[in-house]
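Here is what each chain is made of, one letter per residue.
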Amino acid sequence: MATADAIVIGAGIIGAACAWQLAQQGLRVLLVDDQLPGATAAGMGHLVCMDDNPAELALSSYSLNLWRGVVDRMPDNCAWQGCGTLWIAEKPEEMAIAEVKKQRMAALGVNSEMLSSQQVAQLEPMLRGGLAGGLHVPGDGIIYAPNAARWLIEDAGEAVQRVYGEVVALEQQAVVLASGQRLSAPVITLACGLQADKLLPTPLLRAKKGQLAITDRYPHTVKHQLVELGYGASAHAAKGTSVAFNVQARPTGQLLIGSSRQFDTLDTAIDMPLLATMLKRATDFLPGLAKMSIIRCWAGFRAASADGLPLLGPHPAYPWLWLALGHEGLGVTTALGSAALIAAQIQQQRTAIDDTPYLAARMFATEESLL
Amino acid sequence: MKLISLTIAGLPCQVQEGITVAAALSASGQDHCRISVSQQPRAAFCGMGVCQECRVIIDGIQRLACQTLCQGGMKIERSGNK
Ligand SMILES: Cc1cc2nc3c(=O)[nH]c(=O)nc-3n(C[C@H](O)[C@H](O)[C@H](O)COP(=O)(O)OP(=O)(O)OC[C@H]3O[C@@H](n4cnc5c(N)ncnc54)[C@H](O)[C@@H]3O)c2cc1C
Ligand code: FES
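- In the nomenclature of an unreviewed UniProt entry, chain B corresponds to (2Fe-2S)-binding protein from the organism Buttiauxella selenatireducens.

- Chain A goes by FAD-dependent oxidoreductase in an unreviewed UniProt entry, where it is assigned to Buttiauxella selenatireducens.

Thoughts on unusual backbone geometry
Okay, step 1: In this chain, Gly258(A) is followed by Ser259(A) through a cis amide linkage whose omega measures -15°.
Okay, step 2: In this fold, Ser259(A) is placed in strand 17 (residues 255–263).
Okay, step 3: Of note, the phi angle at Glu328(A) is positive, near 45°, even though the residue is not glycine.
Okay, step 4: Classification of Glu328(A) by relative accessible area gives buried; the value is 15%.
Okay, step 5: The phi torsion at Gln52(B) lies on the positive side, around 65°, for a residue other than glycine.
Okay, step 6: You can see Gln52(B) is positioned in the loop between strand 4 (41–43) and strand 5 (55–58).
Okay, step 7: Exposure remark for Gln52(B): the relative accessible area of 11% places this residue in the buried category.

Considerations on the site of ligand 1
All names here are of chain A.
Okay, step 1: Taken together, 34 residues are adjacent to ligand 1, and Asp33, Asp34, Thr40, Glu328 and Thr333 come closest.
Okay, step 2: Residue Ala39 places a main-chain N or O atom 2.9 Å away from an oxygen atom belonging to ligand 1.
Okay, step 3: Relative to its free-state accessible area of 1,000 Å², ligand 1 is covered by the protein chains to the extent of 94%.
Okay, step 4: Looking at the shell around ligand 1, the elements that each hand over two or more residues are helix 1 (13–24), strand 14 (206–215), strand 18 (294–304) and helix 9 (331–346).
Okay, step 5: Grouping the amino acids of the shell around ligand 1 by side-chain chemistry returns 13 nonpolar, 16 polar and five charged.

Cut-offs used in this document
Residues numbered from 1 in each chain as written. Chains lettered and ligands numbered in written order. Predicted model: local features only at pLDDT ≥ 70, side-chain atom pairs only at ≥ 80, totals over all residues. Heavy atoms only, no water. Helix = DSSP H or I, 4+ residues; strand = E, 2+ residues; numbered from the N terminus. Buried < 20%, exposed > 50% of the residue type's maximum accessible area, 1.4 Å probe, protein only. Near = heavy atom within 4 Å. Polar contact = N/O pair within 3.5 Å; in protein donor to acceptor, adjacent residues only side chain to side chain. Areas by Shrake-Rupley, 256 points an atom, 1.4 Å probe, with all protein chains shown as cover. Nonpolar A, V, L, I, M, F, W, Y, C, P; charged D, E, K, R; others polar.

See below:
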């Protein structure tokens, strides 16, 4: 039976970050992954400061600072670009939302500036005319999350050992793989995204399907990650299907187009009417898109917790089991922050930001059935 | 069998009416349609509009060679990724 100081289940961006962070603190880690594509392989990789509630803002801005500390060391294939975000106000009323956003972010030291209609047009000439204005957040960026996850694992060096296989059961300070192999460690971190529900006695997560489309390569036309200010309302809705304008310029010259949200489906097939609505929304903002070719579309599943915040902390019934789950649409952004909180908790150190809002215990009734 | 005339990379040629641009490229003796970012020649692969390998410039517009039927007077250009 292989042993280590810690086992991390899942090598998506969250598990990779947890393994990396634990390794930084001198632990020997076994990182177990079944090599199936998860959310990390399907997402957009926008590193974005989100402020829909104070806890989300605290974690995203903390995590962005941590990313900025490592992006210079990341290889080119992680595609880091400090492109900033342009939040776009379609109607004049939305400028008030931009102003609130600006103030909330400023309270945490995150810099942003209000833009007039003309300034938006100047910065991004491909946007249609007549938009009300926007908010520019220069500190945001993008990365290619699957490669960033691989890089984190490599960067940890010998301290992180990869184990390929599916975890089929959790036992007291041990995991059992489909092959029958058993791995044990004093601490186990569950970071396997949506699949975690299969290993836990009570399901904790809900799938929110998202569809993306990517164009062919074109000479650079968009500079910032573009998001409509109405995005927050769409992203946080607890039911119903929605789309919001969200476009990312890939370093390749491709435009990655999002985003949609659909509940209670695990069907990976593209929903064509929804894709059409999403593309219509995108061409409302970027009319030139209509002339471009889309070369791929795909769907992924965000793993959402009941209150929209990630679950970071020990399972109340099993003190050896740490949960790093429920990152929904913000897991790439918050990966390093989440990992830092988990590692500090495991090492019984003070966390850099207040971790109470994310503690996994909030999701459990006091009596939890045993595994 | 009716023949139609078109140009492939500037060279005039005649092809059977009703064939796809991918077939015309193949018949021209050089089936590649574009040069990829990593400088590899690419050609039609799935033949059914899914893989996007057969992107080619037809009359100035990028289209899928396997999904486009040849028309008289068409100008087909192989594309490189700039
Ligand atoms: C369409 C879409 C757009 C998004 N856009 C953004 C964005 O712009 N910015 C952002 O910050 N976030 C974005 N996200 C969210 C982000 O992608 C996720 O929050 C993040 O990738 C979650 O990472 P994870 O490591 O928790 O899960 P995953 O990436 O799902 O990784 C889990 C890993 O565990 C493995 N695994 C599962 N079960 C087992 C098992 N039993 N045994 C062994 N291994 C197992 C899986 O195969 C997988 O490799 C987006 C998500 C989607 C779907
Ligand atoms: S050969 Fe696959 S799309 Fe044309």
